[in-house]
Every structure is written in structure tokens, then in C-alpha cells.
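Descriptive analysis of the structure
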Amino acid sequence: MRIGILTEAIARKGRGSGIAFRRLLTHILTQNPGHKVLLLHYTPDPSEDLYQQAETVILPPRPWAASGAIRSLQLDIVHYHGGGARMPIWFVDAKRVITLHGDAISFLGYYQGLNWRGHLYVKCLKRFYLHAMDYVFTDSEHSKHLLAERYDLPLDKISVVHDGVDRQFRPLSLAECEDVLDRYAIRRPFFFHLSHFGWRKNPETLLRAFARSKSRDSCRLVIGGKGWENPQTKQLIDSLGIQDQVLFLGFLPKEDVIKLFSLACLLYTSDAADEL
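Thresholds, definitions, all that
Residues numbered from 1 in each chain as written. Predicted model: local features only at pLDDT ≥ 70, side-chain atom pairs only at ≥ 80, totals over all residues. Heavy atoms only, no water. Buried < 20%, exposed > 50% of the residue type's maximum accessible area, 1.4 Å probe, protein only. Helix = DSSP H or I, 4+ residues; strand = E, 2+ residues; numbered from the N terminus. Pairing = 2+ DSSP bridges. Contact = heavy atoms within 4.5 Å. Axes fitted to C-alpha atoms, helices over the stretch in contact; angles between N-to-C directions. Parallel < 35°, antiparallel > 145°, perpendicular 65-115°, else oblique. Left-handed = near helix turned anticlockwise from the far one by under 90°. Phe/Tyr/Trp six-rings, centres within 6.5 Å; stacked < 30°, edge-to-face > 60°. Lys NZ or Arg CZ within 6 Å of the ring centre and 35° of its normal.

Okay, the pairing of strand β2 (residues 36-41) next. Successive side chains on a regular strand alternate, one facing one side of the sheet and the next facing the other. Burial of β2 is extensive: five of the six residues sit out of reach of the surface. Relative to β2, strand β1 (residues 2-6) is paired through five bridges, and the arrangement is parallel. Bridge pairing in β2 places Ile-3 opposite Val-37. With four bridges joining them, β2 and strand β3 (residues 55-58) adopt parallel strand pairing. If you follow Leu-38 over to β3, its bridge partner there is Glu-55.

Relative to the elements of secondary structure, Tyr-80 occurs in strand β4 (residues 77-81). Looking at Tyr-80, the relative accessible area reads 2%, which means it is buried. Not counting residues within four places of it along the chain, the set of residues in contact with Tyr-80 comprises Leu-6, Met-87, Pro-88, Ile-89, Val-92, Arg-96, Val-97, Ile-98, Thr-99 and Met-133.

On to the packing of helix α7 (residues 203-212) against helix α8 (residues 231-240), then. The interhelical angle for the contact between α7 and α8, taken along N-to-C directions, is 20 degrees, at an axis separation of 10 Å. The angle between α7 and α8 places the two elements in the roughly parallel class. Crossing geometry of α7 relative to α8 is assigned as right-handed. Taking contact as the criterion, the partners of Glu-204, Leu-207, Arg-208 and Ala-211 in α7 are, on α8, Thr-233, Leu-236, Ile-237 and Leu-240.

Let us now look at the packing of aromatic side chains. All chains considered together, the criterion is met by 13 aromatic pairs. Here the aromatic rings of Phe-128 and Tyr-129 are separated by 5.9 Å at their centres, their planes lie at 50 degrees, and the arrangement is tilted. For Phe-128, a relative accessible area of 41% corresponds to the partly exposed category. Through pairs of rings, three or more aromatic residues link up here, namely Trp-64, Trp-90, Phe-91, Phe-128 and Tyr-129. Taking NZ or CZ as reference, Arg-86 lies 4.9 Å from the ring centre of Tyr-42, over its face. Above the face of the Phe-251 ring, Lys-226 is positioned so that its terminal group lies 5.6 Å from the ring centre.

With that settled, the discussion passes to the side chain of Ser-213. Looking at the secondary structure, you find Ser-213 in the loop between α7 and β9 (220-224). Not counting residues within four places of it along the chain, the set of residues in contact with Ser-213 comprises Phe-191 and Tyr-268.

Time to look at the sheet that holds strand β5 (residues 95-100). The strand order across the open sheet built from seven strands is β3-β2-β1-β4-β5-β6-β7, with neighbouring strands paired in parallel fashion. Looking at strand neighbours, the two that pair on one side only are β3 and β7 (158-160), the edges of this open sheet. Each adjacent strand pair in this sheet contributes to an overall mean axis angle of 25 degrees, direction not counted. Against the sheet, helix α4 (residues 141-151) makes contact with β5, β6 (135-138) and β7, and its axis sits at roughly 165 degrees relative to β7, the strand it touches most.

Structure representation (C-alpha cells):
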């Protein structure tokens, strides 16, 4: 069986969807030696070791031309990841499957933070692309039913594959992880949130929920991830009066994330569907 996998998503190394896709791809390459796997991408990347483990094909940048290049490979299955306005699905006669990590962006009526291609995809093309797929994979039962309802997809066309957990993520003793407290000037107790900043993560509700928490006077909110120190977020924090109780750490190495998970008294998360 000849399988083509579009690998553009692994360039998002600091984001959850990119990390999850990279793990999925690593598993495919190590566990399925009987299949011919071709990695399809747009730009050569000598630093990415996954491209040394399978045959790679560089696609032309325009969707129509990329679709023709994929068709010429005579594949049995083509795997897409995450979607996007430039998805090369035209003329592809192989079975087409896609993996989607939820559909939170569809909750945002204003689609804040998207460029014009993102607006085009969400408003016009996503329904068409999903119906053009032979199968859809997503990461939770909630996402499965949301996709089925929002895009009129039959439930038997969607399967749930839960994200795996790295074996390094386990509870640690205080002695194993307390060094991060001094390194980041954190005092306990604290709530912890980890994400790459994005409006689809509903940061406003996250911050407002902390501001209304009865524990805000005794706990701090520690936030890890890129992009949080922006003018809009700082303005909201100031208006809520929690500027002395929120600590931004920026990008964190995995080892420190594991330690902070063990030390936090509460893990905070939010989604575009959440409301106060």
C-alpha cells in the first residue's frame, strides 16, 4: 500500500497539534514497515530527522499544481492534517483522510487572528473539504459530534483517536521538581495554564474565571507558552486588577512543564466553547 502524508504540520513544533502530529507520524514510520510511506511537503528541511526515515516529495506551492503532483504518485491513501485553504485535494483519486484536533475556531464568529486564507477556509471551504474526505479522524467524542453536527457529516465517517501522553509525564515528588520554583520565581500555591496564545483558546474567559475565583487572593496564575505578553491581554489583566497575581513564563522546555504540572494545585484550561 502506498500512503502519502502531508507533513506541513510538523513545522509547528511548539504547538500542541504539531507535537501530536509529529508523534503520530513517528509511530506510523516505526510500526508500519510493510507500507510504502511518502512524506509530502513544500520546503526542504534538512534539520528535520523524520525526513531521513522515509522517501520525501517536495510539492509545488500552488494547490492545483500540488494536487496534480500528488495524483501522479499513484497513492492508495493521502493523509491531510488540520485543513487549510491551500489543501491540495483537487484531482486526487486516492482515498483521502484528514486528522482534525477539534473545531474550536468555528465557535468564533469574528475569527480573530486569522489571515484572509483562514477566513476563506473557515467560512467557505471547510464544509466542502470535509465532505470530499473519505474519512475523518479527531481527538475526542466531543469533537466528533461537533464536526458531525456543524458540517452535516455522518457519524460513521468520523473516528476518535485520543492524543497519547508521553511517558515522561508522571507525578513527581517535591524534591524532584522544586528547583523550578526558584528558577522562575514562583511561590506556591499556584494555578497553572499551558498553551500557545490564541483567541480560539478563549484567554479572556480563562483570565476572568481566575479573577472571580475565591482563591485569587491566596494563589497566583502561572501561564506557560508563547504569545501571552501582548497589549490586549495586559490591558484585560489590568482592568481585572490581577496584574500582581499573573505570571507569564513564555515557552517552557518539556522537563519544566512536567515539574510545574506536579507542583500546581490546579491545572487551568479553556476553549472557545467555554463561558462564565
